[in-house]
Amino acid sequence: MRLRLFIFSSVFLGIAGCTLSSTSYQRPMEPVTIALDEEASAKRLAKAITFPTLSHQDPAQFVGEPFLGLHRYLEEQFPLLYETAEKQIIGEYSLLLKIPGSDATLKPALFMSHLDVVPVEPGTEGDWTHPAFSGEIAGGFIWGRGALDVKNGVLTWHEAAEYLLKEGFQPQRTLYFAFGHDEEVGGKQGNKEIAADLKERHVHLEFVVDEGGFLISGFYPELGDRPVAIISIAEKAYMTVHFTAKGEGGHSSAPPTHTSVGKLASALHKLENNPMPANITEPMALHFKHVAPEMPFFKRLLMGNPHLSAPLLKSFLAKRPKTNALIRTTTALTMFNGGIKENVVPQSAKATVNFRLLPTDTPEDVKKHILETIDDPDISLETGLWTTPPKPADIDGLGYTILSDAIHEIYPDAVVTPFLVTGATDSRYYGEIADNVYRFLGAEVSMEDLKSFHGTNERISIKSYANGIRTAIQILKHSGQ
Ligand SMILES: [Zn+2]
């Protein structure tokens, strides 16, 4: 008993000792004030929202004209950028802009966003306080589909570049801007082609900055008003698996004990009840370590030593779907089909399961997990779409330092931290041609507004949007040097 107490105290004091001595990872900067016509910028974003640049799951529903309309609108609103930059249209509707730098020995940097948006779910149009494509400004917010995901990003980079060019900005490093038109449906004709085009021209990038990180207020209540600036250094991979169960058909008046539908349902039920194991991967461990020094004692203790406190952290994070997704490969049962008639026993049933993989899990690990869990020879698997994200980015890389410094210049109080993004972004196509890929955009979003991504009442505050532009100005300025 005494020995246990001694061991416990020593471990505790050891952890407490290194935790308390841990110094902040934040790199304070001299605050920068940038005068902007916030109303004018807000109006330009609002107008961009009125172009219904929709990505539909069914390619036959694609309409190109709004994309071309948006191209024309951007050229007209940001004349200096389009005079200075070399413009290339890729995949008919995606844009690649290049501001050539004066020093060819510096590897270029590339900033991304996407022009397309997801449709409004049929039947929910009336739930919007302001119609999704009306581009209204009300109550200090710019409303509409794309206000957060991510026409704000497209316009932010345009605004920042135009602002700097007006000031006579001449970068030493070449700066690229890539605006894809089909991110919401996989980016195959847009950013995949842009990355291939750059590769063919032997362009190798110092770093890429895409969507997938921002400033969040209220992320940790212990931090009070201090926003957390998450720079996503990694993203989860995407993998779809199709399941087929075979069974005996026949008349439903004399059915087998388990039909193909029953077998498949049972297998899927097992899969849902046996998730892949939880793991605090390096991007999340780094996140906790960076936040820890800013937290009160107990949380500092917990977060400052994420590998030691992993069991506690995991059980805490597993409680909510959003945080659970940060620590494990998730299993989402999304489609189920079987049977053709109510009195016919179906000979087969099909289902689709979507997995999102932690950077430490491979498609082989997922397949092994499925086979061991369902353990049914009558069910076959077929892997559908899957993506390979770039390797996690280096937090000591130039891009991370630039983002962190720019954030602190505009938001001196921000807690800048690495993070793992649970969705897939188009930046995955740049893994091969970039040293590092980061995901960040400088607008501040509340926990409440986060829910409007792909949902109803998507909006961004004018203030937050303007600060995002200020941050982008500093990012481009530092990147150009
Ligand atoms: Zn997006």
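Heads up: the structure comes first, above all this text.
Residues numbered from 1 in each chain as written. Predicted model: local features only at pLDDT ≥ 70, side-chain atom pairs only at ≥ 80, totals over all residues. Heavy atoms only, no water.

1. Structural notes on the overall build of the protein
Next up, step 1: Within the protein, the secondary structure is distributed over 15 helices and 19 strands.
Next up, step 2: Rg of the C-alpha trace for the protein: 25 Å, near the compact-globule value of 23 Å for 481 residues, within the 12% margin.
Next up, step 3: Overall, the C-alpha framework of the protein stretches about 80 × 70 × 50 Å when taken along its three principal axes.
Next up, step 4: Scored against the burial criterion, the 481 residues of the protein give a buried share of 52%.
Next up, step 5: Pairs at least 24 residues apart make up 82% of the contacts formed inside the protein by residues separated by at least 6 positions.
Next up, step 6: For the protein, the accessible area works out to roughly 21,900 Å², and carbon and sulfur atoms hold 55% of it.
Next up, step 7: Taking the 44 positively charged and 58 negatively charged side chains of the protein as two groups, their mean positions are separated by 6 Å. (Helix = DSSP H or I, 4+ residues; strand = E, 2+ residues; numbered from the N terminus. Rg over C-alpha atoms; globule rule 2.2 N^0.38 Å. Buried < 20%, exposed > 50% of the residue type's maximum accessible area, 1.4 Å probe, protein only. Contact = heavy atoms within 4.5 Å. Areas by Shrake-Rupley, 256 points an atom, 1.4 Å probe, with all protein chains shown as cover. Lys, Arg positive; Asp, Glu negative; His and termini not counted. Charge placed at Lys NZ, Arg CZ, Asp CG, Glu CD.)

2. Some details on the packing of aromatic side chains
Next up, step 1: Enumeration over the complete set of coordinates arrives at 13 aromatic pairs.
Next up, step 2: Ring centres of Phe-67 and Tyr-93 lie 5.9 Å apart, and the angle between their planes is 50 degrees; on these two criteria the pair is classed as tilted. Taken together, the residues span a long stretch of sequence, with Phe-67 in helix 3 (residues 65-77) and Tyr-93 in the loop between strand 1 (86-90) and strand 2 (94-99) at a distance of 26 residues. Of the two residues examined, Phe-67 and Tyr-93, each falls in the buried class.
Next up, step 3: With centroids separated by 5.8 Å and ring planes inclined at 35 degrees, the aromatic side chains of Phe-111 and Phe-177 adopt a geometry described as tilted. Here Phe-177 lies in strand 6 (residues 175-180) and Phe-111 lies in strand 3 (residues 109-114), a separation of 66 residues in the sequence.
Next up, step 4: Residue Phe-111 is classed as buried on the basis of its relative accessible area of 0%.
Next up, step 5: A relative accessible area of 1% places Phe-177 in the buried class. (Phe/Tyr/Trp six-rings, centres within 6.5 Å; stacked < 30°, edge-to-face > 60°.)

3. Quick notes on the side chain of Ser-404
Next up, step 1: Tracing the backbone shows Ser-404 in helix 13 (residues 398-410).
Next up, step 2: With residues near it in sequence (within four places) discarded, Ser-404 still touches Ile-231 and Val-416.

4. Description of the environment of Glu-121
Next up, step 1: Relative to the assigned elements, Glu-121 resides in the loop between strand 3 and strand 4 (137-138).
Next up, step 2: When the C-alpha positions of Glu-121 and Ser-252 are compared, they lie 37 Å apart, and in sequence the two are 131 residues distant.

5. A closer look at the coordination of the zinc ion
Six octahedrally arranged donors around a metal ideally form angles of 90 or 180 degrees; four tetrahedrally arranged donors ideally form angles of 109.5 degrees.
Next up, step 1: Protein ligation of the zinc ion involves His-114 (NE2), Asp-149 (OD), Glu-211 (OE) and Glu-211 (OE), the donor distances falling in the range 1.9 to 2.6 Å.
Next up, step 2: Geometry at the zinc ion is irregular, judged from its four donor atoms and the angles of 52 to 149 degrees they form at the metal.
Next up, step 3: Summarised as a motif, the one-chain spacing of the donors to the zinc ion is H-x34-D-x61-E. Pair noted here: His-114 is in strand 3 and Glu-211 is in the loop between strand 7 (205-210) and strand 8 (215-217), with a separation of 97 residues, a long-range link. Just as His-114 is buried, Glu-211 falls in that class too. (Donors = N, O, S within 2.8 Å, 3.2 Å for Na, K, Ca; no water. Tetrahedral: all angles 85-135°; square planar, octahedral: opposite > 155°, others 65-115°.)

6. Regarding the nonpolar core
Next up, step 1: In terms of nonpolar packing, the biggest core is built from 93 residues, with Phe-111, Trp-157 and Phe-177 touching the most fellow members.
Next up, step 2: Among residues more than four places away in sequence, those in contact with Phe-177 are Leu-95, Leu-96, Leu-97, Ile-99, Phe-111, Trp-157, Ala-161 and Leu-476.
Next up, step 3: Listed in part, the 19 residues of the second largest apolar core include Ala-237, Val-241, Leu-268 and Ala-349. (Core = buried A, V, L, I, M, F, W, Y, C linked by side-chain atoms within 4.5 Å.)

7. Regarding the sheet that holds strand 4
Next up, step 1: Spatially, three strands are ordered 4-5-19 in an open sheet, and the strand pairing comes out antiparallel. Where the open sheet ends on each side, the last strands, each with one partner, are strand 4 and strand 19 (459-461).
Next up, step 2: With respect to the sheet, helix 2 (residues 38-49) is in contact with strand 4, strand 5 (141-143) and strand 19, its orientation differing from that of strand 5 by roughly 15 degrees.
Next up, step 3: Against the sheet, helix 15 (residues 462-480) contacts strand 4, strand 5 and strand 19, and its axis sits at roughly 75 degrees relative to strand 19. (Pairing = 2+ DSSP bridges. Axes fitted to C-alpha atoms, helices over the stretch in contact; angles between N-to-C directions.)

8. What about the pattern of salt bridges?
Side chains bearing opposite charge may pair, as long as their charged atoms lie close to each other.
Next up, step 1: Following the criterion strictly, the structure yields 18 salt bridges and no others.
Next up, step 2: Taking the shortest distance from any N to any O, the salt bridge between Arg-27 and Asp-405 comes out at 2.9 Å. Here Arg-27, found in the loop between helix 1 (2-21) and helix 2, pairs with Asp-405, found in helix 13; they are 378 residues apart in sequence, far enough to count as distant.
Next up, step 3: Its relative accessible area of 44% is what places Arg-27 among the partly exposed residues.
Next up, step 4: Note on Asp-405: relative accessible area 9%, which makes it buried.
Next up, step 5: Salt-bridge contacts for Lys-87 lead to Glu-75; the nearest nitrogen and oxygen are separated by 2.6 Å. One end of the pair, Lys-87, is in strand 1; the other, Glu-75, is in helix 3, and 12 residues separate them in sequence.
Next up, step 6: Relative accessible area serves as the criterion here: at 34%, Glu-75 is assigned to the partly exposed category. (Salt bridge = Lys/Arg side-chain N within 4 Å of Asp/Glu carboxyl O.)

9. Here we look at the pairing of strand 6
Next up, step 1: Within strand 6, six of the six residues are buried, which leaves it mostly tucked inside the rest of the structure.
Next up, step 2: A two-sided burial pattern is seen for strand 6, the buried positions comprising Leu-175, Phe-177 and Phe-179 on one face and Tyr-176, Ala-178 and Gly-180 on the other.
Next up, step 3: Direction of pairing for strand 2 relative to strand 6: antiparallel, over a ladder of five bridges. Note that in strand 6 the partner of Leu-97 across the bridge is Phe-177.
Next up, step 4: Alignment of strand 3 against strand 6, held across six bridges, turns out to be parallel. Bridging across to strand 6, Ser-113 finds its partner in Phe-179.

All quantities given are derived from atomic positions and should not be read as evidence of function.
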